Amino acid sequence: MIRVALVDDQAMVRVGLRMILEAEEDIAVVAEAADGAEAAAMARQFTPDVVLMDIRMPGMDGLAATSTVLEASPETKVVILTTFDDDEYVYEALRVGASGFLLKSADGDTLVNAVRVVAAGEALLAPEVTRRVIERFAHGTVDAVEHVPSPEAIGDLSDREVEVLRLIARGMSNQEIAQELWVSSTTVKTHVSHILTKLGVRDRVQAVVEAYESGIVIPRG
């Protein structure tokens, strides 16, 4: 059973999310919070697998609340709920540990799939979202290009792992990377696992953030 908590200042939004999620046999909504200040205590008490977090709330917003939730319950995965067009905070939320984000306009099937994907340990960041959010908010431009990073930035990554990381940062899925490099999806998955371990990050979203912040990938100016 996937244990989900909801954090949103609008009660009707929480009701709608609960109705959709609890219609599924493998998902249970175990807690709700009306603002970010309640979120950490809720996470500590219920240790949900996934928290659906509204990014714009009065008082403590979703950005600060994401940090507090992950500090209180490190194994919990946070998915940011956003309207996207006006959320310059999304990149920062990913940087502090969110596992991805979901548009509030998403349909029920997308919501349910998002919870399952994140609960399974995958990052919820579609390729087009990776490009628009990470590149736009990290650097204010659109297309990523390769860059020669410092040895410290690369760390223990092999040349192939650096190549895979750059493709991840371009918003490519494992299958797309496999086609690009003429290898199997299983091989790509292994490379991604090694990248996460070597960079000390929790998922591929964090790896993308690291790629930009370390200079392994920079935007095309």
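Calculation criteria
Residues numbered from 1 in each chain as written. Predicted model: local features only at pLDDT ≥ 70, side-chain atom pairs only at ≥ 80, totals over all residues. Heavy atoms only, no water. Helix = DSSP H or I, 4+ residues; strand = E, 2+ residues; numbered from the N terminus. Buried < 20%, exposed > 50% of the residue type's maximum accessible area, 1.4 Å probe, protein only. Contact = heavy atoms within 4.5 Å. Areas by Shrake-Rupley, 256 points an atom, 1.4 Å probe, with all protein chains shown as cover. Core = buried A, V, L, I, M, F, W, Y, C linked by side-chain atoms within 4.5 Å. Axes fitted to C-alpha atoms, helices over the stretch in contact; angles between N-to-C directions. Left-handed = near helix turned anticlockwise from the far one by under 90°. Nonpolar A, V, L, I, M, F, W, Y, C, P; charged D, E, K, R; others polar. Pairing = 2+ DSSP bridges. Right-handed = clockwise from strand over helix to strand, strands pointing away. Patch = residues over 30% accessible without salt bridge, like charges linked within 9 Å, V, L, I, M, F, W, Y side chains within 5 Å. Salt bridge = Lys/Arg side-chain N within 4 Å of Asp/Glu carboxyl O.

Undergrad: Help me get a handle on the overall build of the protein chain, residues and values and all.
TA: Assigned secondary structure in the protein chain consists of 11 helices and seven strands. A buried classification covers 47% of the 221 residues belonging to the protein chain. In the protein chain, the share of contacts with a sequence separation of at least 24, taken over all contacts with a separation of at least 6, comes to 68%. As presented, the protein chain carries roughly 10500 Å² of accessible surface, and 50% of it is formed by carbon and sulfur atoms.

Undergrad: Provide a residue-level description of the nonpolar core, including the pertinent values.
TA: Membership of the largest hydrophobic core comes to 24 residues, with the highest contact counts inside it found for V7, M42, V51, M53, V69, V78 and I80. Those elements that provide at least two residues to this core are β1 (2-7), β2 (27-33), α2 (36-46), β3 (50-54), α3 (62-72), β4 (77-82), α4 (90-95) and α11 (204-214). Looking at which element gives the most residues to this core, the answer is α3, with four residues. Filtering out sequence-adjacent residues up to four positions away, V7 remains in contact with A33, D35, A39, M42, V51, L52, M53, D54 and M57.

Undergrad: Quick rundown of the packing of helix α10 (residues 185-199) against α11? Include the residues and the values.
TA: Orientation of α10 relative to α11, taken along the N-to-C sense of each, is 65 degrees, at an axis distance of 10 Å. For α10 against α11, the interelement crossing comes out left-handed. Contacts between α10 and α11 involve V192, I195, L196 and L199 from the first element and R204, A207 and E210 from the second. Taken together, the residues of the contact of α10 with α11 break down into five nonpolar, no polar and two charged.

Undergrad: Give me the pairing of β2: which residues, what numbers.
TA: Where β1 meets β2, six bridges bridge the pair, whose relative direction is parallel. The partner of A5 across the bridge, within β2, is A31. Assessed by its sense of winding, the connection that carries the chain from β1 through helix α1 (residues 11-21) to β2 is right-handed.

Undergrad: How would you sum up unusual backbone geometry? Please name residues and give values.
TA: The backbone of T47 shows a phi angle near 40 degrees, a positive value even though the residue is not glycine. Among the structural elements, T47 can be located in the loop between α2 and β3. Positive phi outside glycine occurs at W182, with the angle close to 60 degrees. By the secondary structure assignment, W182 is in the loop between α9 (174-181) and α10.

Undergrad: So what's going on with a nonpolar patch on the surface? Residues and values would help.
TA: A contiguous nonpolar patch, built from M12, V15 and M19 and spanning about 350 Å² of accessible area, is present on the exposed surface. Considering the arrangement of structural elements, one finds V15 in helix α1.

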